[in-house]
Amino acid sequence: MALVPTPVVNEGPMFAEVDMGDNSSTPTVRATVVQASTIFYDTPATLDKAERLLAEAASYGAQLVVFPEAFIGGYPRGSTFGVSIGNRTAKGKEEFRKYHASAIDVPGPEVDRLAAMAGKYKVYLVMGVIERDGYTLYCTVLFFDSQGHYLGKHRKIMPTALERIIWGFGDGSTIPVYDTPLGKIGAAICWENRMPLLRTAMYAKGIEIYCAPTADSRDVWQASMTHIALEGGCFVLSANQFCRRKDYPPPPEYVFSGTEDLTPDSIVCAGGSVIISPSGAVLAGPNYEGEALISADLDLGEIARAKFDFDVVGHYARPEVLSLIVRDHAVSPVSFTSTSSKAESSPK
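As the structure is a prediction and not an experimental result, all values here were calculated from the model. (Residues numbered from 1 in each chain as written. Predicted model: local features only at pLDDT ≥ 70, side-chain atom pairs only at ≥ 80, totals over all residues. Heavy atoms only, no water.)

Undergrad: Report on the environment of proline 278, specifying residues and quantitative values.
TA: Tracing the sequence through the fold places proline 278 in the loop between β15 (273-276) and β16 (282-287). Taking relative accessible area as the criterion, proline 278 reaches 1% and is therefore assigned buried. The contact partners of proline 278, leaving out residues within four places of it in the chain, are Ala229, Leu230, Gly233, Cys234, Phe235, Glu302, Ile303 and Ala306. (Helix = DSSP H or I, 4+ residues; strand = E, 2+ residues; numbered from the N terminus. Buried < 20%, exposed > 50% of the residue type's maximum accessible area, 1.4 Å probe, protein only. Contact = heavy atoms within 4.5 Å.)

And the structure:
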């Protein structure tokens, strides 16, 4: 698939950047969170859109770009997939087939293209995707470095509510924190950010730039993001989609359950993307106005200043009273043991 060229100077930007300035300290990292919608059921078009947004963010000097939860593959807001206790409808099964077809394999050609984008625009990229592993789907975040290398992934370990019908559960083998020239980068997705033991595991890995792709646009989400920044002494970058009804297929192909009288322009996810410092200061956002690039300069010296007050897994820990065990190995439902490895020598 051909790469989308960088926009030329006489073309207007897709969205106006919301820039809240910098902290005038060094070293700093220019970070951008993308607030934009998936092109639902059209993964190639969504990849094209991602590249246009990435090119634009890079033109503003972004070194790190974070996309929302399920940006590639889509967040199936409002869909029930025809599920009730003890029953699944034929229409719901067909919806799942189409959703499965929109997901991506990891590794796979879409991952290769995302890696090429990161390398082309010289940015670290954190991308929310729907990962297809056989016939099970996972809500996943992929990480790429500025040289165009795929670093790895985080699978959401606990889907919320009806998400559990359509997504599998991640395990402890995919909660990475990557040590990069920009800082130590990791991610937790949507409501797993409210899981204190998961957060503690990430703090123990030294996370400094905590990415929180989400689908939650409520005001209370901001409280969680501020708390994590203060608790972890880290920068928090939360990216959400801004979606209108027209960003999803029209009825009857796609129905928003329990919602009546939606017009094509009705807002179904209001965004709220935000960047917060380790001191709890809001550096950029939250934005509820529309699709946007939201940027701030992260003064990495803020991390040490915040940790002096409170280091949750350091001087403020009490391991003789409270401790955590993380089972960070992969788990599989089926294991095969080769018979050749068990062959016994016969006496001659």
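Undergrad: Account for the pattern of salt bridges, naming residues and giving values.
TA: Overall, the coordinates contain 21 salt bridges when judged by the stated rule. Between arginine 155 and glutamate 131 there is a salt bridge, and its shortest N-O distance comes to 2.8 Å. Of this pair, arginine 155 sits in strand β8 (residues 150-155) while glutamate 131 is found in strand β6 (residues 124-133), placing the two residues 24 residues apart along the sequence. The exposure classification of arginine 155 matches that of glutamate 131, with both residues buried. The structure contains a network of salt bridges with shared partners spanning Asp48, Glu51, Arg113 and Lys120. (Salt bridge = Lys/Arg side-chain N within 4 Å of Asp/Glu carboxyl O.)

Undergrad: Would you mind going over helix α1 (residues 43-59) in detail, with residue names and values included?
TA: Compared with an ideal rise of 1.5 Å per residue, which puts 17 residues at 24 Å, α1 spans 24 Å between its outermost C-alpha atoms and is within 8% of the ideal. Contacts made by the buried residues of α1 are with β2 (28-35), β3 (64-66), α2 (90-102), α3 (109-121), β6 and β17 (292-299). With a side-chain oxygen lying 3.1 Å from the backbone nitrogen of alanine 45, the N-terminal cap of α1 falls on aspartate 42. Following α1 by one or two positions, glycine 61 adopts a phi angle in the positive range, close to 95 degrees. (Expected span 1.5 Å × (residues − 1). Polar contact = N/O pair within 3.5 Å; in protein donor to acceptor, adjacent residues only side chain to side chain.)

Undergrad: An account of a nonpolar patch on the surface is requested, with residue identities and associated values reported.
TA: On the surface, a cluster of nonpolar side chains totalling about 240 Å² of accessible area is made up of Leu197, Leu324 and Val326. Summarising the element assignment, leucine 324 is placed in the segment after α7 (301-309). Relative accessible area serves as the criterion here: at 34%, leucine 324 is assigned to the partly exposed category. (Patch = residues over 30% accessible without salt bridge, like charges linked within 9 Å, V, L, I, M, F, W, Y side chains within 5 Å. Areas by Shrake-Rupley, 256 points an atom, 1.4 Å probe, with all protein chains shown as cover.)

Undergrad: Explain the environment of glutamine 63 to me, and be specific about the residues and the numbers.
TA: Residue placement: glutamine 63 occurs in the loop between α1 and β3. With relative accessibility at 31%, the residue glutamine 63 sits in the partly exposed group. In this structure, the C-alpha to C-alpha distance between glutamine 63 and arginine 30, residues 33 residues apart in sequence, is 5.3 Å. With residues up to four places along the chain from it excluded, the contact list for glutamine 63 reads Thr28, Val29, Arg30, Val123, Tyr124 and Leu182. A polar contact of 2.7 Å, which involves the side chain of glutamine 63, links it to the backbone nitrogen of arginine 30.

Undergrad: Which residues make up the packing of aromatic side chains, and what values do they have?
TA: Here the structure, examined in full by the defined rule, presents 14 aromatic pairs. Pairing phenylalanine 67 with phenylalanine 71 gives two aromatic rings, centres 5.1 Å apart and planes at 55 degrees, and the pair type is tilted. The positively charged end of arginine 155 is found above the aromatic ring belonging to tyrosine 138, 3.7 Å away from the centroid. Note that arginine 194 overlies the ring of tryptophan 191, its terminal NZ or CZ placed 4.3 Å from the centroid. (Phe/Tyr/Trp six-rings, centres within 6.5 Å; stacked < 30°, edge-to-face > 60°. Lys NZ or Arg CZ within 6 Å of the ring centre and 35° of its normal.)

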